[in-house]
Amino acid sequence: MAVEDEMKANVLETETLPYIHKVGVPPKQSLFKEFKSRVKETFFADDPLRPFKDQTRGRKFMLGLQTIFPILQWGRDYNFTKLKGDVIAGLTIASLCIPQDIGYAKLANLDPQYGLYSSFVPPLIYAFMGSSRDIAIGPVAVVSLLLGSMLQDEIDHEHHREEYLRLAFTATFFAGITQATLGFLRLGFLIDFLSHAAIVGFMGGAAITIALQQLKGFLGIQTQKFTKKTDIVSVMRSVFSTAHHGWNWQTILIGAGFLVFLLFTKQLGKKKKNLFWVAAIAPLISVVLSTLIVYLTHAEKHGVQIVKNIKKGINPSSVRQIYFTGDYVAKGFKIGAVAGMIALTEATAIGRTFASMKDYELDGNKEMVALGAMNIVGSMTSCYVATGSFSRSAVNYMAGCHTAVSNIVMSCVVLLTLELITPLFKYTPNAILSAIIISAVIGLIDFEAAILIWKIDKFDFIACMGAFFGVIFASVEIGLLIAVAISFAKVLLQVTRPRIAILGRLPRTTVYRNIEQYPEATKIPGVLIVRVDSAIYFSNSNYVKDRIARWLIDEEEQLQAKGLPRIEFLIVDMSPVTDIDTSGIHAIEQLCRSLKKKDIQLILANPGPAVIDKLHASAITELIGEQHIFLTVGDAVFTCTPKVVDES
């Protein structure tokens with residue numbers, strides 16, 4: 001009879017108790033399989049070889065060509081409607097790029113024709129190899145300034161013109177090598193280390209620096225009287241020191257008048273989207289009118305500085321001018337790598353923006369290879385670093401482009417300009433080029449983005465401001481260095497000091513959440529539940545262990561002061577812990593041994609596959625006890641303190 005009663009009691013107990021799942025241990029993988037899987041996820045997460053699966057040899061060859069030259073894929077569906085849109089877009093961005101290219105070349109301390117060269121060859125290469133439909137290729141203000149300032153630090157462009165030009169081509173070559181290598185090795189994630197906040201600050205600072213540099217042409221100050229430094233203090237000192245004897249009122253009148261016109265057309269284009277073309281052709285109209293004014297009034301005889309001669313003809317070969325040996329190779333590589341990374345970051349951001357607006361996929365690695373190839377070829381055809389231009393890409397998009405053919409159209413217009421029109425730019429005043437650049441870079445100062453960054457993340461805002469002030473008060477390189485340093489510091493801080501939360505149970509549930517986020521969540525008597533929101537590595541293992549131990553001491557002191565039961569169980573929710581290394585294992589072992597001395601049981605909840613596998617491999621599970629590893633925090637609490645759970 002007693003045996004029957006005991007059996008009935010056991011049946012009733014099993015019926016009332018929920019089933020407790022055990023933590024599963026993943027099947028053991030060989031070292032080779034694990035390494036292969038990790039490499040695949042790191043470098044080939046998009047599975048680039050998937051389209052080649054189960055294809056014939058001829059089909060695979062064709063797919064390989066389409067991978068390198070996407071034009072072979074989308075070109076099959078090309079039609080007259082798309083051509084019409086691309087021609088209109090190409091002509092529109094050409095009218096914008098020609099005056100900009102002449103001005104941007106001056107930013108890089110190069111003759112005007114090199115800016116035009118860089119909008120002829122690189123866009124052609126990109127049209128065949130790029131995967132973006134909207135990006136417009138050519139020189140940009142930030143990269144031109146960066147390249148010019150870094151080259152100037154190595155060679156004086158006024159006294160050693162030939163060597164300066166050769167170093168510019170060398171830097172462009174290595175910029176292309178850097179970009180293409182990142183694409184081939186699928187290392188595009190490296191550019192993500194330059195955070196969005198840092199880019200916003202860097203671009204804003206560069207915009208102000210570029211605008212200040214244009215005061216030389218805008219005010220008519222002679223080049224030899226103007227500082228070669230880019231920081232705001234040096235530039236403003238140079239501007240005001242020449243106020244009485246260096247400014248030219250005719251130059252100021254031309255520059256200010258057309259700057260107002262350019263800003264007005266830009267605002268008109270923003271307010272009325274259908275009039276975007278007015279803002280796009282405004283720079284070319286300004287160049288034509290200002291050149292005509294100077295020619296008719298002979299203003300160059302009254303101190304108005306003009307462009308003078310722009311060399312006629314298409315790009316000459318520059319292969320023999322690139323430094324492949326000597327001291328300048330290392331310098332060219334350093335400058336090229338930095339300029340290439342910044343150009344890549346800008347192009348990637350622009351490409352992703354417009355791809356999301358038109359809802360199509362952009363292959364980042366193909367983009368890097370395409371940009372690298374166009375700069376390598378460009379360096380051999382008298383071009384300097386080219387990339388995607390935001391202003392031109394926006395105009396390209398608004399003009400109704402369908403494919404990269406708009407770049408080909410733009411390139412053809414630049415070709416005609418080089419062959420036929422360049423002599424007409426002889427009387428173009430430098431002031432109009434300065435006005436065009438100032439109006440173009442104003443859009444790089446994104447106040448709304450900075451305000452949003454402040455609202456979202458204060459540390460990101462510090463990175464933004466660090467890059468901004470570094471550029472305007474030191475140099476473009478220093479600002480870039482500060483941006484990268486602060487971005488890395490943020491990553492290191494998050495890795496070394498991960499968030500750890502105390503959990504409580506939400507009323508009438510078995511759900512356990514952060515008590516700071518959910519004040520109504522209650523702690524379980526005799527139990528401290530913590531959650532580690534990060535992988536546990538050598539960089540943070542001691543912090544995690546010490547933080548948990550400190551919380552435990554604080555909790556015990558509070559309980560003792562209130563006369564409540566002591567802590568008997570420490571439950572660590574490991575759901576967010578994606579991985580753990582030997583230092584992390586050692587930290588858990590130390591924590592477990594320390595708790596045992598205080599008669600507190602360590603319990604782990606929901607360790608992931610990588611974590612539980614390493615816990616078993618290190619025999620930590622034997623120290624903790626298999627019975628103290630649970631699938632959920634709810635199971636752990638129920639098993640440890642069933643009476644408390646039932647009562648609540």
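Conventions and cut-offs
- Throughout this document, residue positions are counted from 1 along each chain, in the order its sequence is written.
- At least 70 in pLDDT is required for a residue's local features to be given in this predicted model, at least 80 for side-chain atom pairs to be given and counted, and no such filter applies to totals for whole chains, interfaces and linings, which use all residues.
- Where side-chain values are given, they derive from all heavy atoms of the structure, hydrogens and water being excluded.
- UniProt positions are given in the numbering used here, feature names are shortened, and annotations may be inferred rather than shown by experiment.
- Think of it this way: any DSSP run of H or I at least four residues long counts as a helix, any run of E at least two long counts as a strand, and we number them from the N terminus.
- Residues grouped as a nonpolar core are buried Ala, Val, Leu, Ile, Met, Phe, Trp, Tyr and Cys residues, joined through side-chain atoms within 4.5 Å.
- For each residue, the accessible area found with a 1.4 Å probe, counting protein chains only, is set against the maximum for its type, and the residue is called buried under 20%, exposed over 50%, and partly exposed in between.
- Contact between two residues is taken to exist if any of their heavy atoms lie within 4.5 Å; hydrogens are not considered.
- As defined here, a cavity is a set of points on a 1 Å grid over the protein atoms alone where a 1.4 Å probe fits but cannot get out. A pocket is an open set with protein on both sides within 12 Å along at least five of seven lines, and residues line them when an atom is within 4 Å of a point.
- Grid points are joined across faces, edges and corners, and a volume is the space filled by probe spheres set on the points.
- Just so you know the grouping, Ala, Val, Leu, Ile, Met, Phe, Trp, Tyr, Cys and Pro go in nonpolar, Asp, Glu, Lys and Arg go in charged, and all remaining residues, Gly too, go in polar.
- Pairing between two strands requires that DSSP report at least two bridges joining them.
- The crossover handedness rule: strands pointing away from the viewer, path from first strand over the helix to second strand clockwise, crossover right-handed.

Visitor: Could you give an account of the UniProt feature "domain: STAS" (unreviewed entry) in the protein, naming the residues involved and the relevant values?
Guide: When the UniProt feature table is mapped onto this chain, "domain: STAS" (unreviewed entry) is found at residues 517–640. Strand forms 15% of residues 517–640 and helix 48%; the C-alpha atoms that close the span are 25 Å apart.

Visitor: Can you tell me about the nonpolar core, naming the residues and giving the values?
Guide: Ranked by internal contacts, the top residues of the largest apolar core, which has 94 residues, are L110, L147, F202, I210 and I342. Looking at which element gives the most residues to this core, the answer is helix α9 (residues 161–184), with 10 residues. With residues up to four places along the chain from it excluded, the contact list for L110 reads A105, R161, Y164, L165, A168 and Y384. Counting residues in each nonpolar core, the second largest holds 33 residues, with V23, V532, C592 and L623 among its members.

Visitor: Hey, could you go over the side chain of T230 for me, with residue numbers and the actual values?
Guide: Tracing the backbone shows T230 in the loop between α11 (215–219) and α12 (232–241). Look at T230 and you get buried, because its relative accessible area is 9%. Beyond its immediate chain neighbours, meaning those up to four positions away, T230 contacts L145, S149, T209, Q213, V235, A474, S475 and V476.

Visitor: Summarise empty space enclosed by the protein; cite the residues concerned and give the values.
Guide: With a probe scaled to a water molecule rolled over the atoms, the places where space remains empty come into view. One pass over the full model with this rule turns up three cavities of 30 Å³ or more. Of the volumes computed, that of the largest cavity is approximately 110 Å³. Considering the residues around the largest cavity, the lining is formed by 14 residues, among which I536, V544, I548, I588 and L591 are closest to the centre. Those elements that place two or more of their residues in the lining of the largest cavity are α23 (541–562), α24 (582–597) and β7 (601–605). Classifying every residue of the lining of the largest cavity by side-chain character gives 11 nonpolar, two polar and one charged. Its volume calculated, the second largest cavity comes out at about 50 Å³. Lining the second largest cavity, in full, are L194, I199, F202, M203, I342, T345 and E346. Of all the elements in the fold, those that place two or more residues in the lining of the second largest cavity are α10 (196–213) and α15 (328–358). Across the lining of the second largest cavity, the residue classes tally to five nonpolar, one polar and one charged.

Visitor: Can you lay out the layout of surface pockets for me, pointing to particular residues and giving the numbers?
Guide: In this model, the second largest pocket occupies a volume close to 880 Å³. As for the second largest pocket, its lining consists of 33 residues, and the residues nearest its centre are K106, N109, H157, K216 and T223. Top contributing element to the lining of the second largest pocket by residue count: helix α8 (residues 141–154), with four residues.

Visitor: Account for the pairing of β7, naming residues and giving values.
Guide: In terms of residue burial, β7 counts as a mostly covered element, since five of its five residues are buried. The alternating pattern of β7 places Q601, I603 and A605 on one face and L602 and L604 on the opposite face, and all of these are buried. Relative to β7, strand β6 (residues 569–573) runs parallel, the two sharing five bridges. Across the sheet, I571 pairs through a bridge with I603, a residue of β7. The parallel pair β6 and β7, bridged by α24, forms a crossover whose chirality is right-handed.

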